[in-house]
Amino acid sequence: MRPLIAGLFLALIGGVLAPPAAAQSGATRAIVLTFEGGRRGDRAREAVIFDLASHVELVTEDQAIATAEAMSIDVSSPDGLAEVVRELGVELIVMGAVSGRGREMTTTLVVANPDGDELARGEAPGPTDRAALAEIGHVAIQTVDGAMAALRASAVDAAPEPEPEPEPVVAPEPEPEPEPEPARDANRWRHPLALIRAGLRARTVSTSADDESTNLQYFFEASMYPEIELEVRFRPLTDEPDELARGLILGASGAFSAGINYEDAAGVEQGLTSWRLRVEAGYGYTIEDMVEIQGIVGFGVDGVELGMPDGFVSTLFSYLRPAAVIRVDLYRHYFVIRGEVGARIGLDGGQLAAAFGPGLAYGGVDLAAGFSGVVEPGFTWTAMFGYSFMALGFEGDGGTIADAGPGRDETIELRILAGWAL
C-alpha cells in the first residue's frame, strides 16, 4: 500500500491540504486530501473539514511543506513521504470522492493510516443541499471514530502483555462539546463561474419627436418582432475562500435582427434592422445564502436602422447604465426570481440629433423582472420581461427634418434564453 500513500501525499504537498485548524492538545492528528468529483467534491470536502476541525487536529499545508524542507526529504520517495507524515504525528489520512448524478449521487469517505492501509469507510449523500452537507460531516466524524477505534485495537494487539497493576481510578466522563454552527462556506450559494445563454428577444420599439411650432409629430413605430440574443456572464472569483472576493461580476450581451418589416406613416411596409450591445461590471453580495443584491455599471448601444425612412431617420443611442439588481433563491438555485432597475444616461444620439436638433440631450430608465435557474449538471435558463423609456430633448434651429422640442423612445421586450453554466 506504500505507492497509494505516496500518490496521496504528493497531492497533499501540491496544495490540497485542509485549511488551518486550531491545535487541540492530545487530539488525533489528521490530513484531509482533495476529494474526487470536481466542484461537487470540493463542497463535500468543505463540509468534512468543518465538522472534523473540532474533532481532530488537522495538519496544514504549510506545516507539511516546512517539515519536508527542514528534513531535506525527497517527497517522490514513498519511504521519505511516510517519514514526513510520521514526523508530523499524522495518524489518519481522510480521502473522499463524489460520484453519480441527481438522486444517485453519493459521497464515499475513506480513512487510511500513514502506510495507506484502509482503516474505515463511510458513505453519505451527494452535496446537493444544506441537509446533505450536514449528513456528510456527520458521516465523516463517524468514519474517523471508526478509524481511531481500529488504530487502538491494532495497538492493543501489538503491545506486550502488561504487568499486573492496581486497578486505576476511573475519571469522570468529560462534558460533551457543543456542536458548532454550520459552516457558511460549506453551505453557501455557489454562483456559477460562467453563464452562456442564447435565445429570443421579442420587442416593440417606438421613437418620436414633437415640433411644437407646427404641432406635428414625427415618429417611427414597430410592433413586436424577434431578435436573436447571446448573453455571457462571468464570476471569475466565485471559488475564492474570501467571501467578499466572490462578488465580482462581468457581463456582455448582444441582440440582432434583420429582414424585419414595419409600416411607415403612410402605411407602406419598409425594411428594418435592429441591434443592441451591452457590456457591464459589478458586484453582488449574498445574504443568508438566499438573497443576492447587485450593483452594476454598464455601457450600452441600441440601434434601429430603417431601410427606407419616410419622415424619420435611423436611431443609434449610446448610454451609461448604472443599475441595481435583487435575486432571491426560491428553490435550491433551480428557481430564482430576479428584479432589476437601471438608469440610462445618454451619450450620443447619432442621426436623430442632426435630424431634429442639432442639439440632443436624453436619459431614462429601464425595468426588468422574471425568473432564472441552474439545473445540474449545468443547464441554465432565464425568462424576463422588460420595459425601457428615454425622454429626448432637442435643442437648436438646424434640424434637417424639423426643429423639434421634446421626444421619447420606448421599448417593451420579452426575453427567453437557455444555455450552459460552468
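The coordinates are above.
Here is a short report on the structure shown in this document.

Quick notes on the rules
Residues numbered from 1 in each chain as written. Predicted model: local features only at pLDDT ≥ 70, side-chain atom pairs only at ≥ 80, totals over all residues. Heavy atoms only, no water. Helix = DSSP H or I, 4+ residues; strand = E, 2+ residues; numbered from the N terminus. Buried < 20%, exposed > 50% of the residue type's maximum accessible area, 1.4 Å probe, protein only. Contact = heavy atoms within 4.5 Å. Core = buried A, V, L, I, M, F, W, Y, C linked by side-chain atoms within 4.5 Å. Pairing = 2+ DSSP bridges. Axes fitted to C-alpha atoms, helices over the stretch in contact; angles between N-to-C directions. Phe/Tyr/Trp six-rings, centres within 6.5 Å; stacked < 30°, edge-to-face > 60°. Polar contact = N/O pair within 3.5 Å; in protein donor to acceptor, adjacent residues only side chain to side chain.

Observations concerning the environment of Pro358
Working step 1: For Pro358, the location among the structural elements is in the loop between α7 (351–356) and β13 (359–375).
Working step 2: Relative accessible area serves as the criterion here: at 48%, Pro358 is assigned to the partly exposed category.
Working step 3: With 37 residues separating them along the chain, Pro358 and Glu395 place their C-alpha atoms 6.4 Å apart.
Working step 4: Once residues lying within four places of it in the same chain are set aside, the contact partners of Pro358 are Ala353, Glu395, Gly396, Asp397, Gly398 and Gly399.

Regarding unusual backbone geometry
Working step 1: Following Gly357, the chain continues into Pro358 via a peptide bond in cis, with omega recorded as 10°.
Working step 2: Phi at Asn215 takes a positive value of approximately 60°, unusual for a residue other than glycine.
Working step 3: Secondary-structure assignment places Asn215 in the loop between β6 (194–211) and β7 (216–234).
Working step 4: Looking at Asn215, the relative accessible area reads 71%, which means it is exposed.

A few points about the nonpolar core
Side chains of a nonpolar character, in soluble globular proteins, are inclined to be buried together.
Working step 1: By size, the foremost hydrophobic cluster in this structure holds 25 residues, and its most contacted members are Val32, Val48, Leu52, Leu92, Val94, Ile136 and Val144.
Working step 2: No other element matches the seven residues that helix α5 (residues 130–158) contributes to this core.
Working step 3: Discounting residues that sit within four places of it in the chain, Val144 has contacts with Leu52, His55, Val56, Leu92, Val94 and Val111.
Working step 4: If you look at the next biggest cluster of nonpolar residues, it comprises 23 residues, including Ala222, Val304, Val313 and Phe317.

Regarding the pairing of strand β5 (residues 118–125)
Each regular strand shows side chains that alternate between the opposite faces of the sheet.
Working step 1: One ladder, built from seven bridges, connects strand β4 (residues 106–112) with β5; its direction is antiparallel. Looking across to β5, one finds that Val110 is bridged to Arg121.
Working step 2: Linking two consecutive strands that pair antiparallel, namely β4 and β5, is a turn of five residues; a positive phi of about 90° is found at Gly116 within it.

So, the sheet that holds β4
Working step 1: One open sheet accounts for five strands, arranged β2-β1-β3-β4-β5; its pairing is mixed. Lying at the two open borders of the sheet, with one neighbouring strand each, are β2 (57–58) and β5.
Working step 2: Taken strand by strand, helix α2 (residues 38–52) contacts β1 (29–32), β2, β3 (92–99) and β4, and its axis lies near 145° from that of β3.

With respect to the packing of aromatic side chains
Working step 1: Taken as a whole, this structure holds seven aromatic pairs when the rule is applied.
Working step 2: Ring plane angle 20° and centroid distance 4.9 Å describe the contact between Phe335 and Phe371, whose orientation is recorded as stacked. One end of the pair, Phe335, is in strand β12 (residues 335–348); the other, Phe371, is in strand β13, and 36 residues separate them in sequence.
Working step 3: Among the aromatic residues, those joined into a cluster by ring pairs are Tyr218, Phe312, Phe356 and Phe394.

As for the sheet that holds β12
Think of a sheet as strands paired side by side through backbone hydrogen bonds, with each pair either parallel or antiparallel.
Working step 1: Read around the closed barrel, ten strands run β6-β7-β8-β9-β10-β11-β12-β13-β14-β15, paired in antiparallel fashion. Neighbour-to-neighbour, the strand axes of the sheet open up by a mean angle of 20°, direction not taken into account.
Working step 2: Two elements, β13 and strand β14 (residues 379–395), share 17 bridges in a ladder whose sense is antiparallel. Bridging from a neighbouring strand, Gly373 pairs with Trp381 of β14.

Focus: the side chain of Ser253
Working step 1: Structurally, the position occupied by Ser253 is in strand β8 (residues 248–263).
Working step 2: Polar contacts involving the side chain of Ser253 include one to the side chain of Arg276, which spans 3.5 Å.
Working step 3: Discounting residues that sit within four places of it in the chain, Ser253 has contacts with Glu229, Leu230, Glu231, Arg276, Leu277 and Arg278.

Any link to function would need more than the numbers given here.
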